[in-house]
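The chain contents come next:
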Amino acid sequence: MGSAYAGWAARWRVPMGFLLVAAYVFFCRPTLRLWITGGAVALAGIAIRAFAAGCLVKNQSLATQGPYACTRNPLYLGSAFLGTGFALAGGRWILGLAWVVLFAAVYWPVIRREEAFLRQQFGSAYESYARDVPLFLPRLPRPAQLTGFQWKQYRKNHEYEAFVGYLAGMIFLALKMWFR
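Along every chain, residues carry numbers that run from 1 in the direction the sequence is written. Selection of residues for local features in this predicted model requires a pLDDT of at least 70, selection of side-chain atom pairs for listing and counting requires 80 or more, and totals for whole chains, interfaces and linings are taken over all residues. Excluding hydrogens and water, the side-chain figures rest on all heavy atoms present in the structure.

A.B. asks: Explanation requested: the overall build of the chain in the structure shown.
C.D. replies: Numbered from the N terminus, helices here are DSSP runs of H or I no shorter than four residues, and strands are runs of E no shorter than two. A count of helices and strands for the chain gives six helices and zero strands. Along its sequence from the N terminus, the chain presents helices and strands in the succession α-α-α-α-α-α. Here the radius of gyration uses the C-alpha set of atoms, whereas the globule reference equals 2.2 Å times the residue count to the power 0.38. In terms of C-alpha radius of gyration, the chain reaches 17 Å, essentially the compact-globule figure of 16 Å for 180 residues. Along the longest, intermediate and shortest principal axes, the C-alpha atoms of the chain span 55 × 40 × 25 Å. The rule is simple: take the accessible area with a 1.4 Å probe, protein chains only, and divide by the maximum for that residue type; under 20% is buried, over 50% is exposed, in between is partly exposed. Across the 180 residues that make up the chain, the buried fraction comes to 40%. Any pair of residues with heavy atoms lying within 4.5 Å of one another is described as a contacting pair. In the chain, 83% of the contacts between residues at least 6 apart in sequence involve partners at least 24 apart. Per-residue accessibility takes into account occlusion by the displayed protein chains alone, with areas from the Shrake-Rupley method and a 1.4 Å probe. Per element, the accessible surface of the chain, about 10,400 Å² overall, is 69% carbon and sulfur. Mean positive and mean negative side-chain charge positions of the chain (19 and 6 charges, respectively) differ by 9 Å. Counted charges follow a simple rule, with Lys and Arg positive, Asp and Glu negative, and His plus the chain ends left uncounted. Charge positions come from single atoms, namely NZ of Lys, CZ of Arg, CG of Asp or CD of Glu.

Take a look at the structure:
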């Protein structure tokens, strides 16, 4: 994928996400079972994102501890779980398909673009890290690598906003079930 497309994807990922949310609000048909199951998957995504955000000092140091010891992109992995969970909770296969298309078309090029930035920013340290840690699908870490979380970084990275969004989404789905 070209850098022009990756730049477009980086600029439009949030508006495209809002467009998907609007379609979700209209089309979703949650059931209690799907709400619980999808909510649990989405909550796992929130936990992964929270752990990653608490280990990340953006643009200052290369994050290699915590979930970054398992995958080079734990924030996007968490987002994949989060989106998949909400797609499942929404009870419509078309929502899941739309999520997969959005992730592949928008987030995948952004991951590659950010990787190029990190290679430039951190040079040989990133090259070594990239050889040892998979791009997306996680590997099992050594217990000593699961350190580095700091609440200060979690707050500085504003990851609590994702948790608030998760709660709002789950409340919305519960209300949609209740008033159907």
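Having put the structure on the table, let's press on.
A.B. asks: Help me out: how do you make sense of the pattern of salt bridges in this one?
C.D. replies: Working definition: two side chains of opposite charge can pair if their charged atoms are close together. When a carboxyl oxygen of Asp or Glu lies within 4 Å of a side-chain nitrogen of Lys or Arg, that pair is called a salt bridge. Per the counting criterion, the structure on display carries five salt bridges. Close ionic contact of E159 with R49 constitutes a salt bridge, the shortest N to O distance being 2.7 Å. Remark: R49 occurs in helix α2 (residues 32-53) and E159 occurs in the loop between α5 (151-156) and α6 (160-178); sequence separation between them is 110 residues. R49 carries the same exposure label as E159, and that label is buried. Here the salt bridges share partners, and the residues they tie into one network are R72, R112, E115, R119 and E127.

A.B. asks: Sorry if this is basic, but what is going on with the layout of surface pockets here?
C.D. replies: Vacant regions in the atomic arrangement are exposed by a probe of water-molecule size rolled over the atoms. Within this scheme a cavity is a closed region of a 1 Å grid, computed over the protein atoms alone, that accommodates a 1.4 Å probe without allowing it to escape, whereas a pocket is open but has protein on both sides within 12 Å along at least five of seven lines; lining residues each have an atom within 4 Å of a point. Grid points are joined across faces, edges and corners, and a volume is the space filled by probe spheres set on the points. Taken as a whole, the largest pocket encloses approximately 1,600 Å³ of empty space. Considering the residues around the largest pocket, the lining is formed by 49 residues, among which R49, L75, S79, L82 and Y107 are closest to the centre. Going through the elements one at a time, α1 (3-27), α2, α3 (74-90), α4 (93-132) and α6 are the ones with two or more residues in the lining of the largest pocket. Of the residues that constitute the lining of the largest pocket, the class distribution is 32 nonpolar, nine polar and eight charged. Here the term charged refers only to Asp, Glu, Lys and Arg, the term nonpolar to Ala, Val, Leu, Ile, Met, Phe, Trp, Tyr, Cys and Pro, and the term polar to all other amino acids, Gly among them.

A.B. asks: Even after reading the chapter, I still don't get the packing of aromatic side chains, so can you show me in this structure?
C.D. replies: Any two aromatic rings considered together are summarised by their centre-to-centre distance and by the angle between their planes. Only Phe, Tyr and Trp rings are paired, with Trp represented by its six-membered ring, and only when their centres lie within 6.5 Å; those with planes under 30 degrees apart are stacked, over 60 edge-to-face, the remainder tilted. On inspection of all chains with the given rule, the structure shows 16 aromatic pairs. A ring pair is formed by F86 and Y166, whose centres lie 6.0 Å apart and whose planes are at 70°; its orientation type is edge-to-face. Of this pair, F86 sits in helix α3 while Y166 sits in helix α6, placing them 80 residues apart in sequence. When its relative accessible area of 9% is taken as the criterion, Y166 is described as buried. Taken together, Y76, W99, F103, Y107, W108 and F136 form an aromatic cluster joined through their ring pairs.

A.B. asks: Looking at this structure, I do not really get the nonpolar core. What am I missing?
C.D. replies: Ranked by size, the top nonpolar core spans 14 residues in total, and within it Y76, L102, F103, Y107 and F136 carry the most contacts. Mapped by element, the contributors of at least two residues to this core are α1, α3 and α4. A per-element tally of this core places α4 first, with seven residues. In this structure, Y107 is in contact with R13, Y76 and L102, ignoring residues within four places of it in sequence. If you look at the next biggest cluster of nonpolar residues, it comprises 12 residues, including A42, I46, A89 and M170. As used in this record, nonpolar core signifies buried Ala, Val, Leu, Ile, Met, Phe, Trp, Tyr and Cys residues forming a set joined through side-chain atoms within 4.5 Å.

A.B. asks: Got a minute to help me understand the side chain of S79 in this structure?
C.D. replies: Assignment of secondary structure puts S79 in helix α3. Once you skip the residues sitting within four places of it in the chain, S79 turns out to touch R49 and W99.

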